[in-house]
Amino acid sequence: MENKIWLSSPHMGGNEIKFVQKAFDTNWISPLGPNVDNFEKELGNYLSIDNVAALSSGTAALHLSLILSGVSVGDEVLCQTFTFSASANPILYQGAVPIFIDSEIDTWNMDPVLLEKAIQDRLAQGKKPKACIVVHLYGMPAKIIEIKEVCQKYDIILIEDAAEALGSSVNGQKVGTFGDFGVFSFNGNKIITTSGGGALVSANFSKIAKARFLATQARDEAPHYQHSEIGYNYRMSNISAGIGRGQLEVLDRWIEKRRHNYSQYNIKLKGLFQEEPENYFSNRWLSAVIFEGYEIREFIRIQLLKHGIESRPLWKPMHLQPIFQVHPFYGNGISEKLFQNGLCLPSGSNLKIEELERVINLVIENSI
Ligand SMILES: *Cc1c(COP(=O)(O)O)cnc(C)c1O
């Protein structure tokens, strides 16, 4: 049996264990400590943003971003439909209503034109959306400049779900730093991992200070335990942050490897790819290809599986999910097409050249 090939698996650089060892040596085995402080600084330097809160997950970061945006029961939140459910679940945690927006074909992310139409329609119904969650899917930046313009025009808070897009940029500016809030994930399958973790970033110092406060049970300043607000246990552990510090050292090298995977797939395979618009830079977290139809996509997925190769259909849009389908949706058919015909191929930064070739050859053999 040939080696199993994963879609995207953890890839350590080597120094992670040193930062973890230091945590053990100094007994900082807790959800705070020097690794957490330094990870926040180092991530901030990488992104060129001052305020970073290291958290237990990307989902926790999204949840806090909604709380800090003042989103509560009955409020409407615009959200990209073509995404992973973690982008939308926190809207429901707050008792708010998601309004799903379809994608455009260039980046596969939220369509800024459709976004504006949706806002106008909500306003006509007497409801003003409070926030907008845009996603940089598979590492490809959304049309963030256009989307930011629309949000500013209508005074709507912009949250970037950059969970899949650490290191991606537009005009040299890192995604996650355009909106009022940026969200990152360090889950095991992401471009770098802390074994599970996330971060919330913002240009606004007091918002991130408040995020840290809420994430540590919202303790008021008092000698005893006193609470005036709902608190959460959402901080990153000092062990996880140690892994993250080692991972940040290799991030740009891992991005180069993922970009190499993508360019090989793009050169050698037929199909529609997620091409970078001018001045866009994708970290190429996952390489995805759109086949001519659902049958051929499924046939190839199953052939790969038979050879021990993990691939995955593109995200099933939120407006088609049983838990979300009752909510308003502004569509154009694009996310449904991408979901039907698209497949994510093995994309790890630790994928060997011969493994990449095995995948490419199998896809080619089975495409005819
Ligand atoms: C992974 C992911 C999240 C959630 O991050 P976790 O750290 O797993 O909670 C949110 N949004 C998108 C688009 C993701 O891919």
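Our structure is the block above this text.
Residues numbered from 1 in each chain as written. Predicted model: local features only at pLDDT ≥ 70, side-chain atom pairs only at ≥ 80, totals over all residues. Heavy atoms only, no water.

## Some remarks on the overall build of the protein chain
Counting secondary structure elements, the protein chain contains 11 helices and 15 strands. Against the 2.2 N^0.38 benchmark of 21 Å for 368 residues, the protein chain shows a C-alpha radius of gyration of 21 Å, consistent with a compact globule. Relative to its 368 residues, the protein chain shows a buried fraction of 57%. Of the contacts made within the protein chain by residues no fewer than 6 positions apart, 72% connect residues no fewer than 24 positions apart. (Helix = DSSP H or I, 4+ residues; strand = E, 2+ residues; numbered from the N terminus. Rg over C-alpha atoms; globule rule 2.2 N^0.38 Å. Buried < 20%, exposed > 50% of the residue type's maximum accessible area, 1.4 Å probe, protein only. Contact = heavy atoms within 4.5 Å.)

## Quick look at the site of the ligand
In the region of the ligand, 15 residues are neighbours, and Thr59, Asp161, Glu164, Ser185 and Lys190 sit closest. Note that an oxygen atom of the ligand is positioned 2.5 Å from one of the side-chain N or O atoms of Thr59. At 2.7 Å, a side-chain N or O of Asp161 approaches a nitrogen atom of the ligand. Protein burial of the ligand: of its 380 Å² of free accessible surface, 94% is covered by the chains. (Near = heavy atom within 4 Å. Polar contact = N/O pair within 3.5 Å; in protein donor to acceptor, adjacent residues only side chain to side chain. Areas by Shrake-Rupley, 256 points an atom, 1.4 Å probe, with all protein chains shown as cover.)

## Here we look at unusual backbone geometry
For Trp108, which is not a glycine, the phi torsion comes out positive at approximately 70 degrees. With respect to the helices and strands, the residue Trp108 is situated in the loop between β3 (97-101) and α5 (112-124). The buried category is assigned to Trp108, whose relative accessible area is 0%. For Tyr138, which is not a glycine, the phi torsion comes out positive at approximately 60 degrees.

## Digging into the packing of helix α8 (residues 238-268) against helix α11 (residues 353-367)
One can describe the packing of α8 onto α11 by two numbers: an axis separation of 11 Å at closest approach and a directional angle of 25 degrees. By the angle between their directions, the pair α8 and α11 is classed as roughly parallel. Like other packed secondary-structure pairs, α8 and α11 cross with a definite hand, here right-handed. In contact with His260, Asn261, Gln264, Tyr265 and Lys268 of α8, α11 contributes Leu356, Val359, Ile360 and Ile364. (Axes fitted to C-alpha atoms, helices over the stretch in contact; angles between N-to-C directions. Parallel < 35°, antiparallel > 145°, perpendicular 65-115°, else oblique. Left-handed = near helix turned anticlockwise from the far one by under 90°.)

## A word on the sheet that holds strand β13 (residues 312-313)
Overall, antiparallel pairing links the 4 strands, which are arranged β10-β12-β15-β13 in an open sheet. Pairing within the sheet leaves two strands with one partner each, and these edge strands are β10 (272-273) and β13. Examined bridge by bridge, strand β12 (residues 287-290) and strand β15 (residues 342-345) share 4 bridges and lie antiparallel to one another. Among the inter-strand pairings, Ala288 is bridged to a residue of β15, identified as Cys344. Together, β12 and β15 form the strand contacts of helix α10 (residues 334-341), whose direction differs from that of β15 by roughly 55 degrees. (Pairing = 2+ DSSP bridges.)

## Side note on the sheet that holds strand β6 (residues 169-170)
Reading across from one edge, β7-β6-β11 is the order of the 3 strands in this open sheet, with antiparallel pairing throughout. Each edge of the open sheet carries a strand with a single partner, namely β7 (173-174) and β11 (280-281).

## Some details on the pairing of β3
A large share of β3 lies buried, amounting to 4 of its 5 residues. Strand direction decides the pairing type here: β3 and strand β14 (residues 329-330), joined by 2 bridges, are parallel. Within β14, the position partnered with Ile101 by the bridge is Tyr330.

## A short note on helix α6 (residues 144-153)
Two residues of an α-helix separated by three or four positions point the same way, owing to the 3.6 residues in each turn. All of the buried residues in α6 are Ile144, Ile147, Val150 and Cys151. Down the axis of α6, the sector holding all buried residues measures 125 degrees, keeping them to one side. In this structure, α6 carries Glu149, Gln152 and Lys153 as exposed residues pointing more than 90 degrees from its buried face. Residues of α6 that are buried in the fold lie against α5, β4 (131-135), β5 (157-161), β6 and β11. (Arc of directions from axis to C-beta.)

## Observations regarding the pairing of β5
Looking along a regular strand, one sees side chains alternate from face to face of the sheet. Extensive coverage of β5 is indicated by the burial of 4 of its 5 residues. As paired strands, β4 and β5 are joined by 5 bridges and run parallel to one another. The residue bridging Ile133 from the neighbouring strand is Ile159, located in β5. Assessed by its sense of winding, the connection that carries the chain from β4 through α6 to β5 is right-handed. (Right-handed = clockwise from strand over helix to strand, strands pointing away.)

## Quick notes on the nonpolar core
Leu43, Leu78, Leu115, Tyr138, Leu166, Phe186 and Leu314 are the most contacted members of the largest nonpolar core, which has 61 residues in total. Per-element accounting of this core gives the leading share, 5 residues, to helix α2 (residues 34-47). Inspection of this core shows a minimum of three residues originating in each of domain 1 (16-247) and domain 2 (251-367). When neighbours within four sequence positions are excluded, Leu43 is seen to be in contact with Val52, Leu166, Phe186, Ala199 and Leu248. Leu68, Val71, Val77 and Phe324 belong to the second-largest nonpolar core, a separate cluster that totals 30 residues. (Core = buried A, V, L, I, M, F, W, Y, C linked by side-chain atoms within 4.5 Å. Domains from an automatic or database assignment.)

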